[in-house]
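One-letter residues, chain by chain:
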Amino acid sequence: MAGPVLKQRESLHGRLSRTVGARNGRAGTATIWRATRSFTLVASLGIVAAQTLVMAALVAGDVPIPGLYAVSVLAVVAVSWLLGLPAGLIGCVVIVAANTLVLGVIAHDVPVGPFEPIRLFGILGLLLISGAVGQLRNYRDRLYKELSDRRQVEAMLKDAQKELVRQVSERTEELAASNRLLSVESQERRRAEGALWALAEATSSTVGSDFLRSLVKHLASAFRARYAVIVEHLDEPVTRVRTLAFWTGEHLGEDVEYEVAGTPCEAAARGEFVYHAGGVQRLFPNDSMLADLKVESYCAVPLSNSSGRILGHVAILDEKPLAENLCQNPALQIFAARAAAELERRQTEERIAQMQTDLARAYRLVSMGEMASTLAHEIDQPLGVIANDAQACLRGMRSGQLDSDETLAALDEIASEALRTGEIVRRIRQFVSKRAPQRSTVAINELVRQVVGLVDLEIRRRRVALELDLEEFLPKSHVDRIQIQQVLLNLIQNAFDAMDANDTEGRLTLRTRSAEDAVWVSVSDNGKEVPRDQMRRIFEPYYTTKDDGVGMGLSISRSIVHWHDGVLRARARPDGGMTFEFSLPLQGSKS
Amino acid sequence: MTLDESVVFVVDDEPRMRTSLALLLKSAGYRAETYGSAEEFLEGYNPSSPGCLILDLCMEGMSGLDLQQEFTLRNIRIPHIIISGFAEVPSVVQAMKRGAMDVLEKPFRDDVLLERVREAIRQDAETRRENVERAEIQSSLERLSDREREVMRLLVKGKHTKTIARELGISPKTVHAHRARVLEKMRAESVVELVRMVRTLEA
């Protein structure tokens, strides 16, 4: 826009400088001329006035001739100057004629002859003067013209300047307006960038469920939508899904499970990019959730794992129409990829946890198998009592050898022994049951005593001296009872094996102690020590020093303790034997 | 009847098992005496009292097998039945070798146990009767003169009077008189009974 104005300004400047440049040499003359012009005017007026006075004096009778000539010359000069060369020449003629007329006719006394040399000389002089003056005038006129030209140019220049100033100010105004617009845009941009940064920042350091929750919250904020949700597909082909994180605008919503049929998620579940800019409730009239949440627009990006399987999707929903198709938004795609990785990681983790649970159970079965005879005895004992008592009752009633008190006592015994048997069977079944690990509040001392109950017979059979050193008022712990029993059982059986290898009388010590934020349980024996170079390897899977060992006991025990956020470690005792100890976090020390 | 005087001793370190066994025995009309350990039993047991023993194989302290060994050392010949929670084959073989009547696994049928108990008591009574008889024979034997003992030794070998007379260098008539006195002193009806007595003695 500035172009034409500037160009015009440039051309004006060009003309101006050319004009000025041409006149630069005559600048002095022009100044003199300007000074003499006003003087000349005054002089001309004087001439006319003097001529008039001379005329009047002539008429009165007393006229000095030279004065008349002088007046004539002045009159010619004045006329030539004021009216130009032709007028000057005419003036000359008129003055000569007038002079001749005045001198000859009115004064009478002057001999007048037209060709009188002096007169001729005078006329010629007048003409010359007139010519010179006329020439001067022409010159003056040219100068005037130049001056006016210059003034015109200057005026034009001034106009152009004004125009320029106007245009500049107009443009400035425009620029200011566009600046204002830009600053609003950049503010908006900064805000969006800020939201993206917040999104990136908030999600960079978190993993697991925290990541997904953080992600939905910041996704909603970054895309200025009310809702954002990450959904995991539960079956294949997908019919049911479960939300893993759901931002409702103000807070995280309860995670829900629902059928995808008739919802916008159905297409997303098939792995499609879904975008409904508005009117989504009309498109899916049967989806009550959309109506409940007053959802107007919907946009979803599928989440697939590294092998391309669709694991879930991330959806952004709003109560107003969405301004852009967010599916195409690179930021959303980046975060979708990150969420997909997270989902894959979760599933892998779940699978690993499942495998570990299965492995632990398999190992429990193995150790149960090893303990089978002991356990069988545990059951046989009460069964034997029951059988004896029942048979005694029958026999006694038939033979009358038992009185009713004895019979009643025996029946009582039968009932309690049967319950005891049931309890043992239940404990075994629980121990080998296939179940997800479950934490509950457990008194560790009681748990230790239960395990001692399981190995009691084994202890007696092996003639091992058992020392229970359990700290009184031990704080409760938040653990999976079965798994910790398994760890303890493993360690005790290891101790048995180590003591078998030694000939000395076995001593087994079970100890519980509380520390600042954990309960420590230790199993000490006076059996064979683990050689120093094997210490590090004993926790490795399939590493065993026993002839018939599987090499899984300590490995599984350690993973169980790790799962409980504890540590399992081994050390040789100064007076021979080993101590294995593990820590369990106190109840409430871990959420 | 033997039932009146015979006692069934029960040695088991499991109190409930002890009580229930005692009750079962009582219901079958036996008198039961219970002990919590092998040591206690050895202390309280009077070998002269007739009866049998129900012995738990696996016990704290002295085990069933240990007690059997102690029986051999102390020459105690009480018929015993071993009961066990988990009877591993080597222990069972060992127990049988050491003179157990039977090894029963818990839980067991009452009639099987009681049958064994009856058998054991019968055996015990038999042994005791044999012992008595042996003592009687022994004392009778001590009343015989040297010559009579000589005659008896040849008689139980199934030799005829004439052969004996020739071997001992005496007359058959004298042999005959000795034979009558031997039979009388030994309170035997016939030479056949005399043979049985000697066999009893030698058993």
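Definitions and cut-offs
- One numbering rule holds for all chains: residues counted from 1, following each sequence as written.
- Chains and ligands are labelled by the order in which they are written, letters from A for the one and numbers from 1 for the other.
- The predicted nature of this model means local features are confined to residues of pLDDT at least 70 and side-chain atom pairs, given and counted, to a pLDDT of 80 or more, with totals for whole chains, interfaces and linings taken over all residues.
- Side-chain calculation: all heavy atoms of the structure are included, whereas hydrogens and water are not.
- Any two residues having at least one pair of non-hydrogen atoms within 4.5 Å are treated as being in contact.
- Summed over both partners, the accessible area lost on bringing two parts together, with a 1.4 Å probe, is the buried area.
- Counted as salt bridges are all cases of a side-chain nitrogen of Lys or Arg within 4 Å of a carboxyl oxygen of Asp or Glu.
- Between any two strands, pairing holds if DSSP finds at least two bridges.
- Helix and strand definitions follow DSSP, with helices as H or I runs of at least four residues and strands as E runs of at least two, each counted in order from the N terminus.
- Angular values range over 0 to 180 degrees, each being the angle between N-to-C directions of two axes fitted as lines to C-alpha atoms, with helices fitted over their stretch in contact.
- Aromatic rings from Phe, Tyr and Trp, taking only the six-membered ring of Trp, are treated as a pair when their centres fall within 6.5 Å; an angle between ring planes under 30 degrees marks them as stacked, one over 60 as edge-to-face, and anything in between as tilted.
- Burial classification: accessible surface area is computed with a 1.4 Å probe over protein chains only, and a residue below 20% of its type maximum counts as buried, one above 50% as exposed, and the rest as partly exposed.
- Criterion for a charge above a ring: Arg CZ or Lys NZ at most 6 Å from the ring centre, at most 35 degrees from the ring normal.
- The nonpolar core is taken to be a set of buried Ala, Val, Leu, Ile, Met, Phe, Trp, Tyr and Cys residues, with the residues joined through side-chain atoms within 4.5 Å.
- Grid spacing is 1 Å over the protein atoms alone, the probe is 1.4 Å, and a cavity is where that probe fits but cannot get out, while a pocket is an open set with protein on both sides within 12 Å along at least five of seven lines and lining residues have an atom within 4 Å of a point.
- Grid points are joined across faces, edges and corners, and a volume is the space filled by probe spheres set on the points.
- Residues enter a patch when their relative accessible area is above 30% and they make no salt bridge; the linking distance is 9 Å between like charges and 5 Å between nonpolar side chains (Val, Leu, Ile, Met, Phe, Trp, Tyr).
- Only the protein chains shown count as cover for residues, and the accessible areas themselves come from Shrake-Rupley with a 1.4 Å probe.

(A) Structural context of the interface of chain B and chain A. Listed per partner, the contact involves 28 residues of chain B and 25 residues of chain A. Both faces combined, the contact of chain B with chain A buries some 2200 Å², and carbon together with sulfur accounts for 54% of it. At the surface where chain B touches chain A, the tally comes to three salt bridges. The salt bridge involving A:E417 is made with B:R16; its shortest N-O contact spans 3.0 Å.

(B) Main features of the sheet that holds strand β11 (residues 518-525) of chain A. All names here are of chain A. Taken together, five strands build an open sheet; the order of strands is β8-β10-β11-β13-β12 and the sheet is mixed. Strands at the two margins of the open sheet, each flanked by one partner only, are β8 (465-470) and β12 (568-572). Direction aside, neighbouring strands of the sheet carry axes that sit 15° apart on average. Both β12 and strand β13 (residues 578-585) contribute to a ladder of five bridges, which runs antiparallel. Among the inter-strand pairings, L568 is bridged to a residue of β13, identified as F582.

(C) Up close: the packing of aromatic side chains. In total, this model carries eight aromatic pairs over all chains according to the counting rule given. Relative to A:F580, the ring of A:F539 lies with its centre 6.5 Å away and its plane at 70°, an arrangement referred to as edge-to-face. Highlighted residues: A:F539 in the loop between β11 and α15 (553-563) and A:F580 in strand β13, separated in sequence by 41 residues. By relative accessible area, which is 7% here, A:F580 ends up buried. Members of the aromatic cluster, joined through ring pairs, are B:F9, B:Y35, B:F41, B:Y45 and B:F71. A:R338 extends its terminal NZ or CZ atom over the ring of A:F211, reaching a point 3.9 Å from the ring centre. The residue whose ring lies beneath A:R439 is A:W563, and the NZ or CZ to ring-centre distance is 5.1 Å.

(D) Inspection of the environment of A:T357 at higher detail. Secondary-structure assignment places A:T357 in helix α10 (residues 330-370). Distance in space between the C-alpha atoms of A:T357 and A:I560 is 8.9 Å, their sequence separation being 203 residues.

(E) Up close: the pairing of strand β4 (residues 80-84) of chain B. Residue and element names in this part refer to chain B. Across the five residues of β4, five count as buried, placing the element largely inside the fold. Because side chains alternate across β4, one face comprises the buried residues H80, I82 and S84, and the other comprises I81 and I83, equally buried. Here strand β3 (residues 51-56) runs beside β4; their pairing, made up of four bridges, is parallel. Across the sheet, L53 pairs through a bridge with H80, a residue of β4.

(F) Spatial organisation of the side chain of B:S84. Take B:S84: it is sitting in strand β4. Overall, B:S84 belongs to the buried group, its relative accessible area being 1%.

(G) Spotlight on the pattern of salt bridges. Residues and elements named next belong to chain B. One pass over the full model with this rule turns up 44 salt bridges over all chains. Here K106 and D12 are joined by a salt bridge, their closest N and O atoms 3.4 Å apart. Taken together, the positions of K106 in the loop between β5 (102-105) and α6 (110-143) and D12 in the loop between β1 (7-11) and α2 (15-27) put the pair 94 residues apart, joining distant regions of the chain.

(H) Structural context of the nonpolar core. All names here are of chain A. Ranked by size, the top nonpolar core spans 51 residues in total, and within it I444, L488, I492, L508 and F582 carry the most contacts. If you list the elements that add at least two residues to this core, you get α10, α12 (404-432), α13 (444-461), α14 (481-500), β10 (507-514), β11, α15 and β13. Per-element accounting of this core gives the leading share, 10 residues, to α14. Setting aside residues up to four positions removed in sequence, I492 forms contacts with V451, V455, L508, L510 and V523. Listed in part, the 32 residues of the second largest apolar core include V216, A222, V314 and A331.

(I) Fine view of empty space enclosed by the protein. Residue and element names in this part refer to chain A. Throughout the structure, instances matching the rule amount to two cavities of 30 Å³ or more. In this structure, the largest cavity spans a volume of roughly 150 Å³. If you go around the largest cavity, you meet 15 residues; those closest to its centre are V229, Y258, C265, M289 and L317. When contributions to the lining of the largest cavity are tallied by element, the ones reaching two or more residues are β1 (227-233), β2 (240-247), α9 (288-292) and β6 (310-318).

(J) Region of the structure containing a nonpolar patch on the surface. Residues and elements named next belong to chain A. Judged by side-chain polarity, L89, L124, L127 and L128 come together as a nonpolar surface patch covering roughly 370 Å² of accessible area. Considering every element that reaches the nonpolar patch, the biggest residue donor is helix α5 (residues 117-204), with three residues. Of note, L128 is situated in helix α5. A residue is classified by how much of its surface remains accessible, and L128, at 63% relative accessible area, is exposed.

The analysis is restricted to geometry; functional conclusions fall outside its scope.
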